[in-house]
Amino acid sequence: MVKRREPTARQMRLATELRRLREAAGLNSRQAAALLGVAPAQITHIESALAGVSEQRLRRLASHYACTDEEFIDALVAMATDRAHGWWEEFRGSLPNSFLDLAELDHHATFLREVAILYVPGLLQTEDYARAVFSARVPELTHEELELRVQHRMRRQQLAVPYELVIHEAALRIRVSDRAASRAQLGKLLERSESDDVTVRVIPFDLDGFARAASSMTYAGGSVPKLDTVVRDVPHGSAFIDSEAQLSAFRTRFRKVEAVSLDPDRSRDFIHKLAQEL
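So, here is what we can say about the structure in this document. Counting from 1, residues in each chain are numbered in the order their sequence is written. The predicted origin of the model limits local features to residues at a pLDDT of at least 70 and limits the giving and counting of side-chain atom pairs to 80 or more, whereas totals for whole chains, interfaces and linings rest on all residues. In computing side-chain values, all of the structure's heavy atoms are included and hydrogens and water are not.

Our next topic: the pairing of strand E1 (residues 111–116). Counting buried residues along E1, 5 of its 6 residues qualify, which places the element largely inside the surrounding structure. Any two strands with at least two DSSP bridges between them are considered paired. Counting from the N terminus, the helices are the DSSP runs of H or I reaching at least four residues and the strands are the DSSP runs of E reaching at least two. Strand direction decides the pairing type here: E1 and strand E4 (residues 217–221), joined by 5 bridges, are antiparallel. For leucine 112, the partnering residue across the bridge sits in E4 and is alanine 220. For the exposure calls, accessible area comes from a 1.4 Å probe over protein chains only, and a residue counts as buried if that area is under 20% of its type's maximum, exposed if over 50%, partly exposed in between.

Lining residues are defined by having an atom within 4 Å of a point belonging to a cavity or pocket. Those points lie on a 1 Å grid over the protein atoms alone, cavities being sets where a 1.4 Å probe fits but cannot get out and pockets being open sets with protein on both sides within 12 Å along at least five of seven lines. Grid points are joined across faces, edges and corners, and a volume is the space filled by probe spheres set on the points. Summed over all chains, the structure comprises 3 cavities of 30 Å³ or more. Volume-wise, the largest cavity comes out at about 70 Å³. For the largest cavity, the full set of lining residues is Leu123, Leu124, Gln157, Leu159, Val161, Tyr163, Arg192, Asp197 and Val198. Classification convention: Asp, Glu, Lys, Arg as charged; Ala, Val, Leu, Ile, Met, Phe, Trp, Tyr, Cys, Pro as nonpolar; all other residues, Gly among them, as polar. Classifying every residue of the lining of the largest cavity gives 6 nonpolar, 1 polar and 2 charged. For the second largest cavity, the calculated volume is near 50 Å³. Taken together, Val120, Tyr129, Ala171, Leu172, Ile174, Ser182, Gln185 and Leu186 make up the lining of the second largest cavity. When contributions to the lining of the second largest cavity are tallied by element, the ones reaching two or more residues are helix H9 (169–173) and helix H10 (179–193). For the lining of the second largest cavity, the element with the most residues is H10, which contributes 3 residues. In terms of residue class, the lining of the second largest cavity is made up of 6 nonpolar, 2 polar and no charged.

It is worth spelling out the layout of surface pockets at this point. Over the atoms a probe the size of a water molecule is rolled, and this reveals where empty space is left. Approximately 1400 Å³ is the volume attributed to the largest pocket. Along its surface, the largest pocket is lined by 38 residues, and Val133, Phe134, Arg153, Asp233 and Gly237 are the ones closest to its centre. At the level of secondary structure, the elements contributing two or more residues to the lining of the largest pocket comprise helix H6 (97–108), E1, helix H7 (127–135), helix H8 (143–156), E4, strand E5 (229–234) and strand E6 (237–241). Of the residues assigned to the lining of the largest pocket, the class counts are 22 nonpolar, 9 polar and 7 charged. In this structure, the second largest pocket spans a volume of roughly 720 Å³. Considering the residues around the second largest pocket, the lining is formed by 28 residues, among which Arg4, Thr8, Gln11, Asp82 and Glu104 are closest to the centre. Of all the elements, helix H1 (residues 9–24) adds the most residues to the lining of the second largest pocket, at 5 residues. Partitioning the lining of the second largest pocket into residue classes produces 10 nonpolar, 9 polar and 9 charged.

Written out as structure tokens, the structure reads:
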């Protein structure tokens, strides 16, 4: 068995779910290994994503763990047996793995919901806007590193899943570059908001008592709800959150934010007015 050197976030998620199933069944690693007839170290490697697991063994483990959720088991099998190489693999070794993990999450998501407070999110950025954001990085990126990030960001935008964005007025007004770039960025938001699969809602400054405006997040729907994921920005990349308690809290947070934002038509009018001011 060849151990993986750098498991992807998707591989880590599969490993986490298998560990959760084992712990819910009240079994330790040694007991789980005995059920499969393997060394305890193999269970440890599977649950740390250092090794993969076959469909047969995964289904045997699920049976031993008394998991009866067939839809969930099928979803785990799909994760375990997926050998496809997505477009993001072209950037492996050239960009930090967090970029690749995010693109893979987008690719497998059944829907995406996002709350943006200070920046237009990457999935709707223009090239100039993205380049300005990456140019502000400290330490400064080389020209090649900068352009690779911009290319990756533009490729991520080729999605075909429902995308809901709630964006604060601050993100619409902050000029990450110049006036022309800001105008073009608002124009792209307006254009994309006309798509059937994209919904944009605006939170205006004059909304009273909106304490929730301090928190940005992306909520990615999994093939089954148990495999949903929340992504938060952290200083050195992205943090993937998958505990059910936190997922439930973020689902509630998004719906509360959505409920107090402008509806899509009023939001488009709002963005159009801002663009005219530039």
